Amino acid sequence: MLYAVHGGVQDVRSVGGWGHRVTLRMPFASTPAMPIKPHSPSCDRNQDPILDMLRVHFADRRHALEIGSGTGQHAVHFAAAMPWLTWQCSDAEAYLPGIGMWLDEARLPNTPAPFPLQAMAVPAAHFAPQPVPMPAGGYDAVFSANTLHIMGWPEVEALFASLPTLLADDATVAAYGPFNIDGAFTSDSNRQFDDWLKARDPRSGIRDLEAVSALAEGIGLQRIADVAMPANNRMLVWRRGTIEAI
Ligand SMILES: C[S@@+](CC[C@H](N)C(=O)[O-])C[C@H]1O[C@@H](n2cnc3c(N)ncnc32)[C@H](O)[C@@H]1O
């Protein structure tokens, strides 16, 4: 399931199984700490190759939801380059201030305030479902970069299982990151990365492309692209509904 919490939104649809997990840190000093704008060097490196793909696959899209926006760098880069899109950021609550700093600084007209959203594989009864901001008809584009190997596999399953509640009938879904093919790492660096991930969190790890695609197909998505990207990453793109030639 995916969990979210957001208030004060006019156009919302209540999505079953969504809720929130919030991390709050209390300051030790009486003087408020100056927030630091987060920065990811890897976003600097991968944002243009990713943008090249999104320009094609999101060319006729209107409302994009990003899951796991991280620093917010991708959002600013992509929203500026694709002004025909509204780019909606989301992530765990703790990430939202940093994302907000990037959005506030860029002052783009097509980046609404980020909202908290997490895929969580827990019984819905443990959390009160909250409304998720939704454009009329649902999001016709979903993008997520470098998230599927961070969350546990049950969360990956929960993410795909919950997507239909968010998607427009003809939605495009794009996932970027490292993937294994036929159960094998595609590079030594990906193998080392996987070791590093698992040492940090045994539930994480590079996912099999076929297993992720099976989840996508299970919710009625058809894969329309599988493209090798720099640094042993891939871009997977699926489409919901009838597929026309792109
Ligand atoms: C490696 S960072 C990638 C951030 C950004 N997309 C990028 O490419 O730089 C992984 C992101 O996945 C998010 N994430 C981890 N588990 C998640 C979950 N269960 N649901 C949604 N997002 C999650 C994290 O909060 C974090 O922002």
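Everything in this summary refers to the structure shown in the same document.

How each quantity is defined
- By convention here, each chain's residues receive numbers from 1 onward along its written sequence.
- Residues qualify for local features only when their pLDDT is at least 70, as the model is predicted, and side-chain atom pairs are given and counted only at 80 or more; totals for whole chains, interfaces and linings, by contrast, use all residues.
- Strand pairing requires that DSSP identify at least two bridges connecting the strands.
- Put simply, DSSP marks the helices as runs of H or I at least four residues long and the strands as runs of E at least two long, and each gets a number from the N terminus on.
- Where helices are involved, their axes are fitted lines through C-alpha atoms of the stretch in contact, as for all axes, and angles between N-to-C directions lie from 0 to 180°.
- Exposure classes come from backbone-placed C-beta atoms, where a residue is buried if 20 or more other C-beta atoms lie within 10 Å of its own, exposed if 12 or fewer do, and partly exposed in between.
- As used here, the arc belongs to the directions running from the helix axis to the C-beta atoms.
- We call two residues in contact if the C-beta atoms placed from their backbones are at most 7 Å apart.
- To decide nearness, the C-beta atom of each residue is placed from the backbone, and the residue is near a molecule or strand if that atom lies within 6 Å of it.
- Classes in brief: Ala, Val, Leu, Ile, Met, Phe, Trp, Tyr, Cys and Pro nonpolar; Asp, Glu, Lys and Arg charged; the others, Gly included, polar.
- A clockwise course of the path from the first strand over the helix to the second, judged with the strands pointing away from the viewer, identifies a crossover as right-handed.
- The nonpolar core criterion groups buried Ala, Val, Leu, Ile, Met, Phe, Trp, Tyr and Cys residues into a set whenever they are joined through C-beta atoms within 7 Å.

On to the sheet that holds strand E8 (residues 139–145), then. Ordered by their spatial adjacency, six strands build an open sheet running E4-E3-E8-E9-E13-E12, and the pairing between neighbours is mixed. In the strand order of this sheet, the two ends are held by strand E4 (86–88) and strand E12 (221–229), each with one partner. Pairs of neighbouring strands in the sheet enclose a mean axial angle of 20°, with direction left out of account. Bridge analysis of strand E3 (residues 63–66) against E4 gives three bridges, and the strand direction is parallel.

Along helix H3 (residues 96–106), the residues classified as buried are Leu96, Gly98, Ile99, Trp102 and Leu103. Each buried residue of H3 sits inside an arc of 165° when the element is viewed along its axis, so together they form one side. Residue Arg107 follows H3 closely and has a positive phi angle near 50°.

Right, let's talk about the environment of Ala145 for a bit. Looking at the secondary structure, you find Ala145 in strand E8. In the structure, Ala145 is positioned 90 residues away from Met235 in sequence and 8.9 Å away in space, judged by C-alpha atoms. When neighbours within four sequence positions are excluded, Ala145 is seen to be in contact with Ile50, His74, Tyr176 and Gly177.

A word on the site of the ligand. Around the ligand, the structure places 18 residues, and the nearest of them are Gly68, Gly70, Ala145, Asn146 and Thr147. The residue inventory of the shell around the ligand, partitioned by class, reads eight nonpolar, eight polar and two charged.

Taking burial as the measure, the seven residues of E8 include seven buried ones, the bulk of the element. Where E3 lies against E8, three bridges are found, and the strand directions are parallel. Among the inter-strand pairings, Leu65 is bridged to a residue of E8, identified as Val142. Note: E8 against strand E9 (residues 167–177), six bridges, orientation parallel. Within E9, the residue paired with Ser144 across the bridge is Ala175. This β-α-β element, E8 to helix H4 (residues 153–162) to E9, shows right-handed connectivity.

For the rest of this paragraph, the subject is the nonpolar core. Counting 54 residues, the largest nonpolar core has Ala64, Ala75, Tyr139, Val142, Val173 and Ala174 as the members making the most contacts within it. Looking at which element gives the most residues to this core, the answer is E9, with seven residues.

Purely geometric numbers; function is a separate question.
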